[in-house]
Amino acid sequence: MNPAERIAEALQSRRNVLLLNHVSPDGDCLGSTLALAHALWGRGQRATVGSSDGVPVMYRFLPGSDRVAGEIPAGETFDAVVFMECSSPDRAGALAARAAGVPLWVNIDHHLSNTGFGHLVLLDVNAGAVAEVAYPVVRTLHPSIDRDIATCLLTALLTDTGSFHYASVTPQSFLLAADLIRAGASPTAVYAEVYENRSAASLRLLGAALSGLAFAEGGRVAWTTVTQAMLRETGATMEESEGIVGTLRSIRGVQAALLFKEEAEGIRVSLRAQGGIRANVIAETFGGGGHAAAAGFTVRASLDEAVRRALGAVRQELAAAAHAHPGDAT
Ligand code: 5GP
Ligand code: MN
């Protein structure tokens, strides 16, 4: 029995399964937890999808998203918990507390920074999306992949692979996409829901963020900020800042892009990298994590101080990369 089958077997006998998303959930995490939930529901099992930060508006088209719980009644108990894309349990946010005392912890992820916690671990750091990791579990539990499951998984795959163009994409990503499209998911519909359904306010926010664009390290680093004042002025929400940092990375010559977001708990930094720069290594120095190309962390300091510290860490990683690959340092 392989690890995915072992997890499926362990889950199929459970009375009530809790599926946890990470904080600020993205399409990959939500799509994969919902696919697993549909598989369990389809078998007649009880499962609760928990998301400490709820469901961003752009993902509310996902079948089952109306059943995602931001809070769980105190009396409800679970006999298994699945942490989806949580490199450590605390990544599940406030709802992580509900895993205390649950007898089976399952950890499904594709992040390099995963600590390997839990009783059953399914980790593939080479997967383009956690959907690829979760798929064999879903299919073992519920062999007939219906349109709802396929739509959830295709959304996960499409969003986490940058619509199939990131370096993390493998033949496996396309094979999964083929399975999902055959099962009834529509790439046209999913793409339109996620990327062509934007509010005018989110574009005003993008404009405001781009007008504050700054460079460092001779143009190899691009950064900007989203402050609470900018949200008030544009009418956008912080979740609508998703995508801005990717736009910065698309600038010619940029190896590291940073977006500094002013949040209640401090400055949230979204980091994107390429060309031998390891975003996860930078993020880990601040207690965060992620992938080589995309990572995040929080700095509990003023905006100016967070920028100063983060740019310092990026400078060190640029130097380390130049040292590792001297020919690339142009
Ligand atoms: P984003 O910048 O889009 O929020 O996150 C980029 C990637 O890094 C995602 O895969 C996300 O799960 C991961 N990530 C973001 N912030 C953190 C963090 O504070 N800790 C860990 N372990 N991973 C993070
Ligand atoms: Mn992912």
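Criteria and cut-off values
Residues numbered from 1 in each chain as written. Chains lettered and ligands numbered in written order. Predicted model: local features only at pLDDT ≥ 70, side-chain atom pairs only at ≥ 80, totals over all residues. Heavy atoms only, no water. Helix = DSSP H or I, 4+ residues; strand = E, 2+ residues; numbered from the N terminus. Rg over C-alpha atoms; globule rule 2.2 N^0.38 Å. Buried < 20%, exposed > 50% of the residue type's maximum accessible area, 1.4 Å probe, protein only. Contact = heavy atoms within 4.5 Å. Areas by Shrake-Rupley, 256 points an atom, 1.4 Å probe, with all protein chains shown as cover. Lys, Arg positive; Asp, Glu negative; His and termini not counted. Charge placed at Lys NZ, Arg CZ, Asp CG, Glu CD. Donors = N, O, S within 2.8 Å, 3.2 Å for Na, K, Ca; no water. Domains from an automatic or database assignment. Buried area = accessible area lost by both parts, 1.4 Å probe. Salt bridge = Lys/Arg side-chain N within 4 Å of Asp/Glu carboxyl O. Nonpolar A, V, L, I, M, F, W, Y, C, P; charged D, E, K, R; others polar. 1 Å grid on protein atoms, 1.4 Å probe; cavity = no way out; pocket = protein on both sides within 12 Å on 5 of 7 lines; lining within 4 Å. Points joined across faces, edges and corners; volume = space filled by probe spheres on them.

The name an unreviewed UniProt entry gives the chain is Bifunctional oligoribonuclease/PAP phosphatase NrnA, with Candidatus Segetimicrobium genomatis as the organism.

Student: Sorry, what's going on with the overall build of the chain here?
Tutor: Summing up its helical and strand segments, the chain has eleven helices and eleven strands in all. In terms of C-alpha radius of gyration, the chain reaches 20 Å, essentially the compact-globule figure of 20 Å for 330 residues. Along the first, second and third principal axes, the C-alpha set of the chain runs to 55 × 45 × 40 Å. For the chain, the residues scored as buried account for 52% of the 330 residues in total. Nonlocal contacts in the chain, meaning residues at least 24 apart in sequence, comprise 66% of its contacts between residues at least 6 apart. Summed over its atoms, the accessible surface of the chain is roughly 14,300 Å², and 52% of this surface lies on carbon and sulfur atoms. Between the centroid of the 26 positive side chains of the chain and the centroid of its 33 negative side chains there is a distance of 1 Å.

Student: Quick question: what am I supposed to make of the coordination of the manganese ion (ligand 2) here?
Tutor: The expected angle between donors at a tetrahedral four-coordinate metal is 109.5 degrees. At an octahedral six-coordinate metal it is 90 or 180 degrees. Around the manganese ion (ligand 2), the protein contributes the donor atoms Asp28 (OD), Glu85 (OE), His110 (NE2) and Asp160 (OD), at 2.0 to 2.3 Å from the metal centre. All donors to the manganese ion (ligand 2) come from one chain, and their sequence spacing reads D-x56-E-x24-H-x49-D. Taken as a pair, aspartate 28 in helix H2 (residues 27-42) and glutamate 85 in the loop between strand E3 (80-84) and strand E4 (105-109) lie far apart in primary sequence, 57 residues in all. The exposure class of aspartate 28 is buried, given its relative accessible area of 0%. Under the relative-accessibility criterion, glutamate 85 is labelled buried at 1%.

Student: Even after reading the chapter, I still don't get unusual backbone geometry, so can you show me in this structure?
Tutor: Note: most peptide bonds trans; most residues except glycine with negative phi. A positive phi angle, near 45 degrees, is found at serine 24, a position not held by glycine. Looking at the element boundaries, serine 24 is found in the loop between strand E1 (16-20) and H2. Positive phi outside glycine occurs at phenylalanine 164, with the angle close to 70 degrees. One can find phenylalanine 164 in the loop between helix H4 (147-160) and helix H5 (171-182).

Student: Looking at this structure, I do not really get the domain arrangement of the chain. What am I missing?
Tutor: In many reports, interface size means the accessible area that the parts give up when they come together. Assigned domains within the chain: domain 1 (3-195) and domain 2 (200-328). Taking only C-alpha atoms into account, the centre of domain 1 sits 27 Å from that of domain 2. Three residues, His111, Leu112 and Ser113, lead the burial of domain 1 against domain 2; their summed loss comes to 45% of the area buried on that side. Where domain 1 meets domain 2, there are zero salt bridges. Each residue belonging to the side of domain 1 that touches domain 2 can be placed in one class, and the counts come to six nonpolar, three polar and no charged.

Student: Please explain the environment of valine 81 as it appears in this structure.
Tutor: Looking at the secondary structure, you find valine 81 in strand E3. Residue classification places valine 81 among the buried positions, given a relative accessible area of 0%. Sequence-wise, valine 81 and arginine 60 are 21 residues apart; in three dimensions their C-alpha atoms are separated by 23 Å. Apart from residues lying up to four places away in sequence, valine 81 is in contact with Leu18, Leu20, Ala99, Val102, Leu104, Trp105 and Val106.

Student: Help me understand the layout of surface pockets, please; the structure alone is not making it clear to me.
Tutor: Empty space among the atoms can be located by rolling a probe the size of a water molecule over them. Taken as a whole, the second largest pocket spans an internal volume of roughly 280 Å³. Looking at the second largest pocket, it is lined by 16 residues, and the ones nearest its centre are Asp124, Glu132, Val133, Pro136 and Gln172. Contributions of two or more residues to the lining of the second largest pocket are made by strand E5 (120-123), helix H3 (130-141) and H5. By residue number, the principal contributor to the lining of the second largest pocket is H3, which donates five residues. Here the lining of the second largest pocket is composed, by residue class, of nine nonpolar, three polar and four charged.

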